[in-house]
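# Overview (structure and organization)
Listed below, chain by chain, are the residues.
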Amino acid sequence: MMTTSASDRPLLRIPAKRWRAVLDELAARGGGHRESGAFLLGRRRGRRPKVTHIAYFDDLEPASLNGAVHLTTAGYTRLNRICSRLGVEVLADIHTHPGDHIRQSSIDEDNPLVAVPGHVAIIVGHFARNGAGLADVGCYRYDGDDGWAPLTRGVSHWRWLR
Ligand SMILES: [Zn+2]
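Quick caveat, the model's predicted, so the values are computed rather than measured. (Residues numbered from 1 in each chain as written. Predicted model: local features only at pLDDT ≥ 70, side-chain atom pairs only at ≥ 80, totals over all residues.)

## A short note on helix H3 (residues 73–86)
An ideal rise of 1.5 Å per residue puts 20 Å on 14 residues; H3 measures up with 20 Å between its terminal C-alpha atoms. One or two steps after H3, the chain reaches Gly-87, where phi turns positive at roughly 70 degrees. (Helix = DSSP H or I, 4+ residues; strand = E, 2+ residues; numbered from the N terminus. Expected span 1.5 Å × (residues − 1).)

Rendered as structure tokens:
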């Protein structure tokens, strides 16, 4: 019998259709010239949290996309309301970058959108216009005081898609 170490387990699962839909939305909302983003919501039940809902930053707070991404208390208040209404929690956030920069900027590193250890931040290049596969995204886990653990190389074999 095969045993699975913690690092082999999928960090989260997102159905392929939903992943493509998220990329399309992010590309459209960014208009090819500005960053956009969303929270990936779902339940942590079991060992494989599954993304069931998406909350786009500009839906939470229309003024949040101003080149980069800036969410204030107003956006988080709406996010919390959505999560409690749906009975879900924030599993990860995703945002776009220009070009092929899928590393966190210093602003990204210093400002986790959800400062809870285990939170995952995903970065998609080319403002999500290139239909990125999971191997093309940057993935980082927030480890609290230890900062971020880059998980980029692990993304493709963590079966996020099914
Ligand atoms: Zn960024």
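So, next bit.
## What to know about the environment of Val-51
With respect to the element layout, Val-51 can be found in strand E2 (residues 50–56). C-alpha of Val-51 to C-alpha of Val-90: the two residues are 39 residues apart in sequence and 9.1 Å apart in space. The contacts of Val-51, once residues within four sequence positions are left out, are Leu-12, Arg-13, Ile-14, Arg-18, Leu-40, Leu-41, Gly-42 and Leu-91. (Contact = placed C-beta atoms within 7 Å.)

## What about the sheet that holds E2?
With respect to topology, six strands assemble into an open sheet ordered E2-E1-E5-E6-E7-E8, the strand pairing being mixed. In this open sheet, the two edge strands, each paired with only one partner strand, are E2 and strand E8 (148–150). Sheet twist, expressed as the mean angle between neighbouring strand axes with direction ignored, is 25 degrees. The pairing of strand E6 (residues 120–124) with strand E7 (residues 138–142) spans four bridges and is classified as antiparallel. Bridge pairing in E7 places Val-120 opposite Arg-141. (Pairing = 2+ DSSP bridges. Axes fitted to C-alpha atoms, helices over the stretch in contact; angles between N-to-C directions.)

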